[in-house]
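Here is what each chain is made of, one letter per residue.
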Amino acid sequence: MDVEGELSPETVEAAREAYEAAGPTAQVVVKEVAKAMAFDREEYRERVTGDVVETARDALFASRLAVRVGSREEFEDWREGFDGDVLERGSEHVDSVAWHVAPFADRAVAATFQDERDAAVGTLRRQAYGEIYEELL
């Protein structure tokens, strides 16, 4: 089993701090993308809304979430020792599982996969954000 990403907030406050810290980066990323797309000032004002920057912040936050990736057996061993709720998506008949734990919420989100590790990790991060963090942030 290994871990991708570094963000595993121990408290709601730590999650909020990490989310807030992603705000300035999101603004810069959106501005640079708009510049690369040759938006003039008018188009920038029209199209780059607060919702656009917030979406970028959400994606940046989610992309940093720590995701454990391992075999079905490793996941089951971990799950036996976890007292919280686990939302598992996918098939129980595949070999690999990616999961994220939010210790402060006593919750975890898991996704099974066979071959597409990177896709599973990316999907899991979006699911973890939506299932655990979005309502808190």
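Before any of the text, the structure's been laid out above.
So, here is what we can say about the structure in this document. In this text, all values refer to a predicted model and were calculated from it rather than measured experimentally. The residue numbers shown here count from 1 along each chain, following its written sequence. For a predicted model such as this one, the threshold for reporting local features is a pLDDT of at least 70, and the threshold for listing and counting side-chain atom pairs is 80 or more; totals across whole chains, interfaces and linings nevertheless cover every residue. Note that water and hydrogens are dropped before the side-chain values are worked out from all heavy atoms of the structure.

### Focus: the overall build of the protein chain
For clarity, the threshold we go by: A run of DSSP states H or I qualifies as a helix once it reaches four residues; a run of E qualifies as a strand once it reaches two. Both are numbered from the N-terminal end. The contact criterion used is simple: two residues touch if any of their non-hydrogen atoms lie within 4.5 Å. Here the open area of atoms and residues is found with the Shrake-Rupley method and a 1.4 Å probe, where only the protein chains shown may cover a residue. This count recognises Lys and Arg as positive and Asp and Glu as negative, with His and chain-terminal groups excluded. Taken as the charge location is NZ of Lys, CZ of Arg, CG of Asp or CD of Glu.
Looking only at helices and strands, the protein chain features 5 helices and 5 strands. For the protein chain, the N- to C-terminal ordering of α and β elements is β-α-α-α-β-α-β-β-β-α. Principal-axis analysis of the C-alpha atoms places the extent of the protein chain at approximately 55 × 35 × 20 Å. Put simply, of all contacts in the protein chain between residues at least 6 apart along the chain, 64% involve residues at least 24 apart. Carbon and sulfur atoms form 46% of the exposed surface of the protein chain, whose accessible area is close to 8,100 Å². Taking the 16 positively charged and 32 negatively charged side chains of the protein chain as two groups, their mean positions are separated by 8 Å.

### Thoughts on the pairing of strand β5 (residues 107-113)
How we decide: The buried label goes to any residue with under 20% of its type's maximum accessible area, the exposed label to any with over 50%, and the partly exposed label to all in between, with areas taken from a 1.4 Å probe on protein chains only. Pairing between strands is defined by DSSP: at least two bridges between them are needed.
β5 sits mainly inside the fold: 6 of its 7 residues count as buried. Relative to β5, strand β3 (residues 85-89) runs parallel, the two being bridged by 5 bridges. Residue pairing in the sheet places Val86 in a bridge with Ala108 of β5. With 7 bridges joining them, strand β4 (residues 96-102) and β5 adopt antiparallel strand pairing. When the bridges of β5 are listed, Ser96 appears paired with Phe113.

### Topic: the nonpolar core
Stated precisely, the cut-off is as follows: We call a set of buried residues a nonpolar core when its members are Ala, Val, Leu, Ile, Met, Phe, Trp, Tyr or Cys and they connect through side-chain atoms within 4.5 Å of each other.
Core analysis: the largest hydrophobic core is formed by 21 residues, its most contacted members being Phe61, Ala98 and Tyr133. Of all the secondary structure elements, the ones that give two or more residues to this core are α1 (12-36), α3 (50-63), β2 (67-71), β4, β5 and α5 (117-133). The biggest single contributor to this core is α5, with 7 residues. With residues up to four places along the chain from it excluded, the contact list for Phe61 reads Leu7, Ala15, Ala18, Tyr19, Tyr129, Tyr133 and Leu137. One finds Phe75, Trp78, Trp99 and Ala108 within the second-largest nonpolar core, a separate group that totals 9 residues.

### Considering the packing of α1 against α3
Selection criterion: As a rule, the C-alpha atoms of each element are fitted with a line to give its axis, helices using only the stretch in contact, and angles between N-to-C directions run from 0 to 180 degrees. Put simply, angles under 35 degrees are roughly parallel, angles over 145 are roughly antiparallel, angles from 65 to 115 are roughly perpendicular, and the rest are oblique. The handedness criterion is simple: a crossing whose near helix is rotated anticlockwise from the far helix by less than a right angle is left-handed, and one whose near helix is rotated clockwise is right-handed.
Running from amino to carboxyl end, α1 crosses α3 at an angle of 125 degrees, the nearest separation of the two axes being 8 Å. With respect to their mutual orientation, α1 and α3 come out oblique. As for the relative orientation of α1 and α3, their crossing is right-handed in sense. Contacts from Ala15, Ala18, Tyr19, Glu20, Ala22, Gly23, Thr25, Ala26, Gln27 and Val30 in α1 reach Val52, Val53, Glu54, Ala56, Arg57, Asp58, Leu60 and Phe61 in α3.

### Some remarks on the packing of α3 against α5
Put simply, the rule reads: Charged means Asp, Glu, Lys or Arg here, nonpolar means Ala, Val, Leu, Ile, Met, Phe, Trp, Tyr, Cys or Pro, and polar covers whatever is left, Gly included.
For the pair α3 and α5, interaxial distance at closest approach is 9 Å and the crossing angle is 110 degrees. Between α3 and α5, the crossing angle belongs to the class labelled roughly perpendicular. For the pair α3 and α5, contact is made by Asp58, Phe61, Ala62 and Ser63 and by Arg125, Tyr129 and Tyr133, respectively. Looking at the contact of α3 with α5 residue by residue, the classes come out as 4 nonpolar, 1 polar and 2 charged.

### Comments concerning the packing of aromatic side chains
The line we're drawing: Two aromatic rings from Phe, Tyr or Trp, using only the six-membered ring of Trp, form a pair when their centres are within 6.5 Å; if the ring planes differ by under 30 degrees the pair is stacked, by over 60 it is edge-to-face, and anything between is tilted.
By the definition in use, this model includes 8 aromatic pairs. Ring geometry for Phe61 against Tyr133: centres 5.2 Å apart, planes inclined by 70 degrees, an arrangement best described as edge-to-face. Placement of Phe61 in helix α3 and of Tyr133 in helix α5 is noted, with a sequence separation of 72 residues between them. Taken together, the aromatic side chains of Tyr19, Phe61, Phe104, Tyr129 and Tyr133 make up a single cluster linked through ring pairs.

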